[in-house]
Amino acid sequence: MIEFREFLQFLVEFPELLRIPLAEWIDTAMSWLLINWAAAFDVIGDTILAILLNIERSLLWLPWTAIVVLVGVVAWGVMRLWWAGVIMAAFLILIGTFGYWDLAMMTLAIIISAVIISFSLGLPTGIIMARSNRFEAIIKPVLDAMQTMPSFVYLIPALMFFGLGKVPAVFATIIYAVPPVIRLTNVGIRQVPQSVIEAAKAFGANSRQILFEVQIPLAIPSIMVGINQTTMMALAMVVIASMIGARGLGLEVLLAINRIEVGRGFEAGLCIVLLAIMIDRMTHALAARQEKILTSEAKV
Amino acid sequence: MKDNAVSQWGKVGVELSKLLKILTLNVAQATHNLARRKDPIKDKTVSAKGKVRVEVHGLWKIFGSGTEQIIGSELQSESKETILEKTGCVVAVRGVSFKVKQGEFFVIMGLSGSGKSTLIRMLLRLIEPTAGEILIDGEDVCSYNERQLTKLRRHTTSMVFQHFGLLPHRNVIDNVAYGLKVRGVAKKKRYPSAQKVIETVGLKGWESYLPYALSGGMQQRVGLARALATDPEILLMDEPFSGLDPLIRREMQDELLDIQEKVKKTIIFVTHDLHEALKLGNRIAIMRDGGIIQIGTPEEVITAPIDAYVREFVKDATPARVLTARNIMEQPHILLYDWQGPGAALYILTTAKLDNAFLVNRAGKLLGLVTAERLKELIQKNSTEIADALEPDLPTCTPDTVVEDLFPLAASTLYPVPVVDDQGKLNGEIHTSTILVSMIQAKEAEEEEAVKEKEIAA
Ligand SMILES: Nc1ncnc2c1ncn2[C@@H]1O[C@H](COP(=O)(O)OP(=O)(O)OP(=O)(O)O)[C@@H](O)[C@H]1O
Ligand SMILES: [Mg+2]
């Protein structure tokens, strides 16, 4: 009788016996990594920090007028519209008038360094992926998982490897933002028309020449779109990354939420949105221009 | 008036087709039966002298998986459709063999889908052959490693693609100079050479444009220029003129012939245009369903089509304009006269470097054709009667014989066909090659007229 009730219990409530201790396994793996690969993490951390600090310092060192003019001219250059340059410059000035100039520059520094590192990791990965079907088959599900995972999750390994501070913030941002560059580099290279590659081959181009003179140049529009998306994703991580110690606009928003200061939160949030629009429009225009040159290719 | 003309044309057409049918049936049937026995066709038409540059033996390409099992099995001789149905594999090239000599202009002709592009690509291993052998300058290209292959592609050959394959991100001059760039030629050196070829193909002034700004025909010329810029010894051309209008097309053909004449390139040229093939080719290979079904000189292909398929091609060679023997006959270099003895006649022939000539009397009446060989026999027999040296069964035609009717005559003899008027006087002579050339010219004139008409209409 008692046995029967126990059996019922087993069916109704999930038995504790069937528990898989995944959390413990991961913890073990993490600490193993931390102990045995400490040197590697030090190197990674130092590199990230060096890049970040240099960018941050130069952004803060430059007079604001110089940056405003620079952004205006660059925007004008890539969008081919003089008023676009004026609007972008005005956005920057607006951020300054809210009193967030320095914080915006810190946020920008985090984004720029995350994008630079993402690009330099993502481009080679994407190229390898385009050249090896097997590698693509392995990497693709990983990328899918990375993009569907809630962004908070990346904070955990970042914290474990690097503690609190700017470095883990950039690290988490990179992990979150790198998939589009990889994916679109792969797609861009694979989309290069076979007829063009064949012609290059027929004239004796070796695989290095085909890669650098044909495939990569023709994949640039796609890669640009990837960079654009990566940048936007990096921006999306700004607030979340501030939870583990990234200073800047994100932290402002976070603090405002904690203290229920709606006005302050709105101001900082607006600044992030302005930054996002500026970066998006400029990288987008760059991608579109490349696209325009190449899409009218001989598609006979 | 117009109706009259039309019915006149109709009559001519009916007559023509009748004659052509008789000709082709008679001549072709014999060769046809012969040819059927040996399968796949061996290339025996190649001339004995000269160095072989490109040689292909039993080359197969089958797209799909498990393709090796098809070759050598009984499936091998099945039709393309049957193989596709049974195995899901597409036979693109089927056991093809041929040889191309140094300096030869070899044309591959066939309908769409007959495997021409696949074949020409395989020569450079842009497509890997399923089976067979490719020898370029005696070396087995199939066993080449990557480095050797690159060397061959850089220094010996170059290729024009049916679909151009231009680099869309490079401007015209960089596209044209691409072969040189790949070779590692410095910019300063490769630009002048590229510039020259650009002018040859008539694209001067377009150097800095990207391909998308060019029309299809212009892009095709960029592709052509790119292939010529590397000054290759072997040129592979896949329908390089198909997108050009008749005038430019003709210009390009002449240009190519000129180059061929001057620097003796070896050219393998794909086309599905018979007139182009007849104009350019030293030899023509006709493909059907992946196999070569006939190889021969333009004359052979025209006068002795091997089967209905080739006949279908050749039928197309009939120009609408009625040309007669009068229009195309030539004046003989020398004539022999009935009062000359065999010794004198032979002397005249040998000093003129000819081995035959027509014999006429004092009134210019044609008596027949005398050959050097027969003259020698006569001299050996100590005969003095030159009339004994006449070739029997000499076909003749009148000045009003239409060109199509000359084919059967030309096909039945090894010698020029004499043109004789109703008084029996010799007016001129006709060579088989002249017939072909005249037909091509007529066709071209027609095309040009069509273009002009279009322009006038517009
Ligand atoms: N990559 C491929 N995969 C499968 N089948 C192919 C492939 N390439 C060509 N084929 C097939 O091979 C056959 C020959 O094609 P190919 O392009 O050589 O013909 P072609 O003679 O050049 O025709 P066209 O005059 O239209 O250019 C066709 O039936 C085609 O469907
Ligand atoms: Mg083709």
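Residues numbered from 1 in each chain as written. Chains lettered and ligands numbered in written order. Predicted model: local features only at pLDDT ≥ 70, side-chain atom pairs only at ≥ 80, totals over all residues. Heavy atoms only, no water.

Once that is clear, we can look at the pattern of salt bridges. Pairing between side chains of opposite charge can happen when the charged atoms of each approach one another. Summed over the entire model, instances satisfying the criterion amount to 22 salt bridges over all chains. A salt bridge links D280 of chain A to R281 of chain A, with the nearest nitrogen and oxygen atoms 3.2 Å apart. Residue classification places D280 of chain A among the buried positions, given a relative accessible area of 18%. Here R283 of chain B ties to E104 of chain B by a salt bridge, and the two come within 2.5 Å at their closest N and O atoms. On the criterion of sequence distance, the pair formed by R283 of chain B in strand β9 (residues 283-288) and E104 of chain B in the loop between β2 (90-101) and β3 (105-110) is long-range, its members being 179 residues apart. In this structure E104 of chain B comes out as buried when scored by relative accessible area, which is 10%. Linked through salt bridges whose partners overlap, the residues forming this network are E136, K140 and R190 of chain A. (Salt bridge = Lys/Arg side-chain N within 4 Å of Asp/Glu carboxyl O. Buried < 20%, exposed > 50% of the residue type's maximum accessible area, 1.4 Å probe, protein only. Helix = DSSP H or I, 4+ residues; strand = E, 2+ residues; numbered from the N terminus.)

Note on placement: V142 of chain A falls in helix α7 (residues 133-148). A sequence separation of 37 residues divides V142 of chain A from P179 of chain A, and the C-alpha atoms of the two residues are 9.2 Å apart.

Next up on the list: the site of ligand 1. Residue and element names in this part refer to chain B. Looking at ligand 1, there are 14 residues lining it, with S112, G113, K116, S117 and T118 nearest. Residue K116 places a side-chain N or O atom 2.7 Å away from an oxygen atom belonging to ligand 1. Here an oxygen atom of ligand 1 sits 2.9 Å away from a polar atom, N or O, in the side chain of Q162. Its free accessible area being 630 Å², ligand 1 has 63% of it covered by the protein chains. Among the elements of the structure, β2 and α3 (116-122) are those that each provide at least two residues to the shell around ligand 1. Sorting elements by how many residues they give to the shell around ligand 1 places α3 first, with 3 residues. Classifying every residue of the shell around ligand 1 gives 4 nonpolar, 7 polar and 3 charged. (Near = heavy atom within 4 Å. Polar contact = N/O pair within 3.5 Å; in protein donor to acceptor, adjacent residues only side chain to side chain. Areas by Shrake-Rupley, 256 points an atom, 1.4 Å probe, with all protein chains shown as cover. Nonpolar A, V, L, I, M, F, W, Y, C, P; charged D, E, K, R; others polar.)

The next subject is the interface of chain B and chain A. Each partner contributes to the interface: chain B provides 27 residues, whereas chain A provides 22 residues. Counting across the chain B and chain A interface gives 2 salt bridges. The residue K181 of chain B makes a salt bridge to E213 of chain A at a minimum N-O spacing of 4.0 Å. The interface formed by chain B and chain A holds 6 residue pairs in polar contact (both at pLDDT 80 or more) in total. Those elements that provide at least two residues to the side of chain B that touches chain A are α4 (146-155), β6 (157-160), α6 (178-183) and α8 (216-229) of chain B. The greatest single-element share of the side of chain B that touches chain A, amounting to 4 residues, is contributed by α6 of chain B. Here the residues of the side of chain B that touches chain A are counted per class, giving 13 nonpolar, 8 polar and 6 charged. (Contact = heavy atoms within 4.5 Å.)

This part covers the sheet that holds strand β13 (residues 366-371) of chain B. Residue and element names in this part refer to chain B. Taken in spatial order, the 3 strands make up an open sheet running β11-β12-β13, and their pairing is mixed. The open sheet terminates on both sides in strands that have one partner only, identified here as β11 (335-337) and β13. Within this sheet the neighbouring strands show an average axis-to-axis angle of 35 degrees, counted without direction. Strands in contact with helix α14 (residues 342-351) are β11, β12 (356-360) and β13; relative to β11, the strand with the most contacts, it is inclined by about 170 degrees. (Pairing = 2+ DSSP bridges. Axes fitted to C-alpha atoms, helices over the stretch in contact; angles between N-to-C directions.)

Moving on to the domain arrangement of chain B. Taken as a whole, chain B is organised into domain 1 (50-143 + 282-317), domain 2 (169-265) and domain 3 (326-436). For domain 2 of chain B and domain 3 of chain B, the distance between their C-alpha centres works out to 47 Å. (Domains from an automatic or database assignment.)

Two orientations exist for strands paired in a sheet by backbone hydrogen bonds: parallel and antiparallel. Residues and elements named next belong to chain B. Strand order in the open sheet formed by 6 strands is β6-β7-β8-β3-β9-β10, and the pairing between neighbours is mixed. Strands with a single pairing partner mark the edges of an open sheet, and in this sheet they are β6 and β10 (291-296). For this sheet, the mean angle separating the axes of adjacent strands, direction not counted, is 15 degrees. Where strand β7 (residues 234-238) and strand β8 (residues 266-271) come together, 5 bridges link them in parallel fashion. Counted as the bridge partner of D238 is V270 from β8. Packed onto the sheet, α8 meets β6 and β7 and runs at close to 175 degrees relative to β6.

Right, let's get into the coordination of the magnesium ion (ligand 2). Residues and elements named next belong to chain B. Protein coordination at the magnesium ion (ligand 2) comes from S117 (OG) and Q162 (OE1), with a distance range of 1.9 to 2.2 Å. Placement of the pair is S117 in helix α3 and Q162 in the loop between β6 and α5 (172-176), with a sequence separation of 45 residues. Looking at S117, the relative accessible area reads 16%, which means it is buried. (Donors = N, O, S within 2.8 Å, 3.2 Å for Na, K, Ca; no water.)

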